[in-house]
Amino acid sequence: MKNLGAVLPLFVFIWGLQNKRGNCERPDIVNVGAVFSFNSVIGRAAKTAMKLAESDINGDPSILNGTKLDLILTDSDCSVFKGSIAALQVIEKQVVAIIGPQSSAIAHMISFISNGLQVPLISYAATDPTLSSLQFPFFLRTTQSDLYQMEAVADIVYFYEWKEVVAIFLDDDYGRNGIAALNDALAKKMAKISYKLPLHINYEFTDIIYVLNQSRSLGPRVFVVHINPDSQLRFFDAVQKLKMTGSNYVWLMTDWFSTTLDSFSPKNRSYLSTLEGVVSLRPYIPQTTQKRGFLSRWRKLYRSELTAYGLYAYDTVWVVARSINNLLQQGGNISFSLSNMLNGTTSDQLKLGKLREFDDGELLMNILSKTNFTGLTGKIHFSPDRNLIGNGYEVINIAQQEIRTVGYWSNFSGLSILPPKALQNEETAVNRLNQNLRVVTWPGGKSETPRGWVIANDGRPLRIGYPRRASFPEFVTLNVSSRKAQGYCIDLFDEAQKLVPYDVPFRFDPFGTGLANPNYDQLVDMVAADVFDAAVGDITIVTNRTRMVDFTQPYVSTGLVIVAPVDNSETSAWVFLKPFTLEMWGVTALSFLIIAVVIWILEHRVNDDFRGPPKRQIITMFLFSFSTLFKTNQENTVSTLGRMVMVVWLFLLLVISSSYTASLTSILTVHQLSSPITGIESLITSNSLIGYQVGSFAYSYLKDILNIAPSRLISLRSPEEFEIALRRGSGNGGVMAIVDELPYMELFLQNRTDFGIIGRPFTKSVWGFAFKKDSPLAADISTAILKLAESGKLQEIHDNWFCRLGCPTDRRKDSEPNQLHLSSFWALYLLSGAVTVLALLVFLFRIIRQYIRYKRKQKVAGLSSPSNTRCSQVIYSFFDFIDEKEEAIKRIFGQHDSSQTQTNG
């Protein structure tokens, strides 16, 4: 006990000494640097917001437990060089973290310094998506990356079905990298940035005018503008001056625009009159009680509005303060030591002697990245790559001098008219297929979505090539006398372009000499090579061509067919037998016989029409059956079973006779052609010569797809050559048949009855007009072609060119006659047969019951035959019983029952 009394005071002394030492380790002041541009739209609001946050934190002793936060503000003056110097000056004061800058270019440079000295850099406005934690492990941002903002812009472009945009951007890291992210996002939506127009980082009004003048000669009219808010609204002053505010224009602004608007006094809305129809993104910050209370307090203190980035700046100071407190609670020290990056360097020469590495910088950085609390901007927490998990964006629209919210965007929900949730993950994400926005007012005050594209105003009309055909000039060729393009395809294009909702200046340029049909693959190649802007004509849409150009909606459905000499055969005297196959005729005839027998069996005992001498019964039986075909029956069915069988039989007969009539009519009205060729298979195996039209894709198809030897393929230039070659035949210097597309062959056959189309088209293809890849005019012409088809104008143009002397007849020899087969009617025959069999079974069951009863009554009356009667006698007796009339049998039963009653009485 004595020893314990001596040790206890020593223990208390040591514990008190350690506790005193622990209190000394918690510093009285912690320095935090802030490097940003004081005189900027974002910086002016951020400066006041950060000083207010510093005051609120130091006024609450529970935040840092008695330690004072000293915020050291330094002006970077929007200069990378000055910003770097300012960062070094701040770090000399042994700051544990640096807040800012808002400039992405300055953030890149300071991040290298931050990495070397292990001082966390927390930015509230540097949105450059290339500022990644992989390259800069000590960089963290408390605002949303432009990676998400550009996905939002791409979703808007996709929602309105625009395919091309023009990007106007600031030519620095912020602008270039943001537009690069936009290009990637658009590519996922099958859209693209057609033109990139950079602005100098210190651009003047004249620079904006120059860039906008460049854009006026371009086709796309959807502009994505990604510049800084310090330009105020000078950009739109230039837009107004150049009168680029018409209904053809679309102005999509990134969040610099909303930041600019938030910096203006809400009392003065006159400036909005020049911004009609502008669509922009604004960081979405949920309206919470905490936020509303803070903004009310802000307005009372400073008589101004606070931008979104001002709120981000305020929250950033709180993030840093909370993390510093967590660092100190975890035993971290605010201590600095000479950095390894200064090894081998004479610090006195470079004046870097005061630079020290933050010992617990890595620990503080880990604490910062695990931040999870609710601030003015909502929930603040970070993804594994240290990007803020933001709330998304508002989509705002300027209409009637008002700022209207037309929807929202988040990276989970996409576009929606409902605000995104503050917290959301992939498991709870809504279906992104249901994208939606409220009605937007576009430039010019219209609610109809602009097309987003016009014909480029470059001083020249569109160059449209067309094939100068030598054969079949009705489709397209050059009129030698007028030197103008003419033909079915030309008239069709002229009518289609009239329906395009804008003026399309163009000129037709012929392709080919006119002595022979040009090569259509070469014509398509010239469109792809920008020699022509488009190609109009009878151009078949095939796979290899679609890889080079875009085609319009097809206006002609076609395919390869075989044309060969044919003989018009006379109609056969036995043509009436052709509608049915032999099998069908046999089954039908057998059915008549069966019905005749069955009806006789069912009606013989009850119907006097089916009784009498055997000869008369046989004649009646078969005449009744066959007369049902013509509905001239003299006899009527009396029995219920007979009528049931007749109902099903007459239904079957109705269907069969109607089908027969339709088939026979078709056979008698269609010319039946005869030719030694029955189809493409017989043509391939015949080893005969085959003709094709010069310039047609038929040659490559026959050679490459059907593997026909080129030596068998003979090129022909005109319909006259077609006729001569077909008349000569394969063995006399001609061809066995010609393979070409259906429209040409129909025109060829119009006045030539000695030739015909064999079989059906053995390929499926279409014609369309060719345009350069991604040309919006292709879609508009396609829409116009559909309108022509729906209105009947397409057929009218066709008839005007090809039906002046009557439309081409379709003379084809089918390889198989169009006959009716038993397989088409087996269900009906089965139904009729089943009903017939059922009726017979019911009839036999009744007869057998009556016969047994009849025999029993005879036995009782002593009139029955001996028990040893032979089987044949029983059968004869049964048939005699069947032959008796039903009335006679019932009378016998009645008499027997009457006598039985009298006997019992």
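See the structure printed just above.
Residue positions are given per chain, counting from 1 as you read along its sequence in written order. The predicted nature of this model means local features are confined to residues of pLDDT at least 70 and side-chain atom pairs, given and counted, to a pLDDT of 80 or more, with totals for whole chains, interfaces and linings taken over all residues. Excluded from the side-chain calculations are hydrogens and water; all other atoms, namely the structure's heavy atoms, are used.

**Some remarks on the sheet that holds strand E3 (residues 98-99)**
We treat two strands as partners when DSSP finds at least two bridges between them. Secondary structure elements are taken from DSSP: a helix is a run of H or I of four residues or more, a strand is a run of E of two residues or more, and numbering for both begins at the N terminus. Reading across the sheet, the five strands line up as E2-E1-E3-E4-E5 and stay open at both edges, with parallel pairing between neighbours. Looking along the sheet, the strands with just one partner apiece sit at the ends: strand E2 (68-75) and strand E5 (139-141). As paired elements, strand E1 (residues 29-36) and E2 share eight bridges and run parallel to each other. Looking at the pairing, Ala34 lines up with Leu73 of E2. Contact criterion: two residues are considered in contact whenever any of their non-hydrogen atoms come within 4.5 Å of each other. Here an angle of 0 to 180 degrees is reported between the N-to-C directions of two axes, which are lines fitted to C-alpha atoms, with helices fitted over the stretch in contact. Lying on the sheet, helix H4 (residues 80-92) is in contact with E1, E2 and E3; it crosses E1 at an angle near 175 degrees.

**Overview of unusual backbone geometry**
Trans is the prevailing form of peptide bonds, just as negative phi is the prevailing case for residues other than glycine. Here the bond from Gly100 into Pro101 is cis, since omega is -10 degrees, no more than 30 degrees from zero. Counting through the fold element by element, Pro101 comes out in the loop between E3 and helix H5 (104-117). One non-glycine residue, Gln401, adopts positive backbone phi at about 60 degrees. Along the chain, the position of Gln401 falls in the loop between strand E15 (393-399) and strand E16 (402-410). The phi angle at Phe472 is positive, at roughly 50 degrees, despite the residue not being glycine. Mapped onto the elements, Phe472 comes out in the loop between strand E18 (462-467) and strand E19 (477-479).

**A closer look at the sheet that holds E18**
In spatial order, the strands read E21-E18-E22-E33-E23; together these five strands make up an open sheet with mixed pairing. Of all strands in the sheet, those with a lone pairing partner are strand E21 (506-511) and strand E23 (550-551), marking the two edges. Note that E18 and E21 share six bridges and pair parallel. In the sheet register, Gly465 faces E21, and the bridge partner there is Asp509.

**Some words on helix H26 (residues 793-802)**
For the exposure calls, accessible area comes from a 1.4 Å probe over protein chains only, and a residue counts as buried if that area is under 20% of its type's maximum, exposed if over 50%, partly exposed in between. Along H26, the positions that sit buried rather than exposed are Leu794, Ile797, Trp801 and Phe802. The arc enclosing the buried residues of H26, seen along the axis, measures out at 110 degrees, which places them on a common side. Of the surrounding elements, those touching the buried residues of H26 are helix H15 (488-498), helix H24 (742-748) and helix H25 (776-791). Note that the arc is defined by the directions from the helix axis to the C-beta atoms.

**Focus: the pattern of salt bridges**
The term salt bridge refers to a side-chain nitrogen of Lys or Arg lying within 4 Å of a carboxyl oxygen of Asp or Glu. This structure, assessed with the given rule, holds 25 salt bridges. Arg463 is the salt-bridge partner of Asp530, the closest N and O atoms lying 3.5 Å from each other. Of this pair, Asp530 sits in the loop between helix H16 (520-528) and strand E22 (534-535) while Arg463 is found in strand E18, placing the two residues 67 residues apart along the sequence. The shortest N-O distance in the salt bridge between Asp754 and Arg727 comes to 3.3 Å. Within this pair, whereas Asp754 is found in the loop between H24 and strand E31 (755-758), its partner Arg727 is found in helix H23 (residues 719-728), the two being separated by 27 residues in sequence. Its relative accessible area of 38% is what places Asp754 among the partly exposed residues.

**Describing the nonpolar core**
Side-chain atoms within 4.5 Å link the members of a nonpolar core, which is a set of buried Ala, Val, Leu, Ile, Met, Phe, Trp, Tyr and Cys residues. Counting residues in each nonpolar core, the largest one holds 74 residues, and the members touching the most others are Met50, Val96, Ile99, Tyr124, Phe294 and Ile324. Listed in part, the 63 residues of the second largest apolar core include Tyr520, Val735, Leu749 and Trp767.

**Describing a nonpolar patch on the surface**
Each patch is built from residues that are more than 30% exposed by relative accessible area and take part in no salt bridge. Like charges join if they lie within 9 Å; nonpolar side chains (Val, Leu, Ile, Met, Phe, Trp, Tyr) join within 5 Å. Note on areas: Shrake-Rupley with a 1.4 Å probe; residue coverage comes only from the protein chains shown. Together, Leu590, Leu593, Ile594 and Phe626 give the surface a local cluster of nonpolar side chains, amounting to about 350 Å² of exposed area. Looking at the nonpolar patch, the element that brings in the most residues is helix H18 (residues 582-603), giving three residues. Take Phe626: it is sitting in helix H19 (residues 614-627).

**A few points about the side chain of Asp255**
Relative to the elements of secondary structure, Asp255 occurs in helix H10 (residues 255-263). Working convention for charge: Lys and Arg count positive, Asp and Glu count negative, and His plus the chain ends are omitted. Buried within the structure, Asp255 lacks any salt-bridge partner; Arg282 is the closest side chain of opposite charge, at an N-O distance of 9.7 Å. Polar contact is the term for a pair of N or O atoms within 3.5 Å; when the atoms are in protein, one must be able to donate a hydrogen and the other to accept it, and sequence-neighboring residues count only if both atoms are side-chain atoms. A distance of 2.6 Å separates a polar atom in the side chain of Asp255 from a polar atom in the side chain of Tyr309. Residues in contact with Asp255, not counting those within four places in the same chain, are Gln149, Leu281, Pro283, Tyr309 and Tyr393.

**Here's the deal with the packing of helix H2 (residues 41-58) against helix H12 (residues 308-329)**
Orientation of H2 relative to H12, taken along the N-to-C sense of each, is 35 degrees, at an axis distance of 8 Å. In terms of crossing hand, the pair formed by H2 and H12 is right-handed. Across the interface between the two elements, Ile42, Ala45, Ala46, Ala49, Met50, Leu52, Ala53, Glu54, Asp56 and Ile57 of H2 pack against Tyr309, Gly310, Ala313, Tyr314, Val317, Trp318 and Ala321 of H12. Residue composition of the contact of H2 with H12, by class: 14 nonpolar, one polar and two charged. Left-handed describes a crossing in which the near helix is turned anticlockwise from the far one by less than a right angle; the clockwise case is right-handed. Residue classes follow a fixed rule: Ala, Val, Leu, Ile, Met, Phe, Trp, Tyr, Cys and Pro count as nonpolar, while Asp, Glu, Lys and Arg count as charged, and any other residue, Gly among them, counts as polar.

**Some details on the packing of H4 against H5**
Put simply, H4 and H5 touch, their axes get as near as 9 Å, and they point 30 degrees apart. Looking at the two axes, H4 sits roughly parallel to H5. The two elements H4 and H5 cross, and the hand of that crossing is right-handed. Mapping the contact onto sequence places Val80, Gly83, Ser84, Ala87, Leu88 and Ile91 in H4 and Ala105, Ile106, Met109, Ile110, Ile113 and Leu117 in H5. Of the residues contributing to the contact of H4 with H5, the split by class is 10 nonpolar, two polar and no charged. Relative orientations are named as follows: roughly parallel for angles under 35 degrees, roughly antiparallel for angles over 145 degrees, roughly perpendicular for angles from 65 to 115 degrees, and oblique for any other angle.

**As for the pairing of strand E9 (residues 250-253)**
Burial of the side chains of E9 extends over both faces: Val250 and Leu252 are buried on one face and Trp251 and Met253 on the other. Sheet analysis places strand E8 (residues 222-226) next to E9, joined by four bridges and oriented parallel. Following the sheet pairing, Phe223 is matched in E9 by Trp251. Bridge analysis of E9 against strand E10 (residues 279-283) gives two bridges, and the strand direction is parallel. Its bridge partner being in E10, Met253 is matched across the sheet by Ser280.

**Some words on the packing of aromatic side chains**
We call Phe, Tyr and Trp rings a pair once their centres come within 6.5 Å, taking the six-membered ring for Trp, and we label the pair stacked below 30 degrees between planes, edge-to-face above 60, and tilted otherwise. Applying the stated rule across the entire model yields 43 aromatic pairs. Judged by centre distance (5.1 Å) and plane angle (85 degrees), the ring pair of Phe112 and Phe136 falls under edge-to-face. Placement of the pair is Phe112 in helix H5 and Phe136 in the loop between strand E4 (121-123) and E5, with a sequence separation of 24 residues. On the basis of relative accessibility, which here comes to 48%, the residue Phe112 falls in the partly exposed class. Criterion for a charge above a ring: Lys NZ or Arg CZ within 6 Å of the ring centre, and within 35 degrees of the ring normal. Seen from the ring of Tyr158, Lys189 lies directly overhead, with NZ or CZ sitting 5.2 Å from the centre. Above the face of the Phe373 ring, Arg322 is positioned so that its terminal group lies 4.5 Å from the ring centre.

**Describing the environment of Val563**
Along the polypeptide, Val563 turns up in strand E25 (residues 560-565). The spatial distance from the C-alpha of Val563 to the C-alpha of Gly691 is 9.5 Å, given a sequence separation of 128 residues. Those residues in contact with Val563 that sit more than four places away from it in its chain are Leu726, Ala737, Ile738, Met745, Phe748, Leu749, Phe755, Gly756 and Ile757.

**Some words on the pairing of E15**
The buried fraction of E15 amounts to seven of the seven residues, a majority that puts the element mostly inside the structure. By the alternation rule, side chains of E15 split into Tyr393, Val395, Asn397 and Ala399 and Glu394, Ile396 and Ile398, which are all buried. Both E10 and E15 contribute to a ladder of five bridges, which runs antiparallel. What sits directly across from Leu281, in E15, is Val395. Looking at chain direction, E15 and E16 are connected through seven bridges and run antiparallel. Across the sheet, residue Ala399 finds its bridge partner in E16, namely Glu402. Two successive antiparallel strands, E15 and E16, enclose a turn made up of two residues, where Gln400 displays a positive phi of approximately 55 degrees.

Bear in mind that shape data such as this cannot, by itself, settle questions of function.
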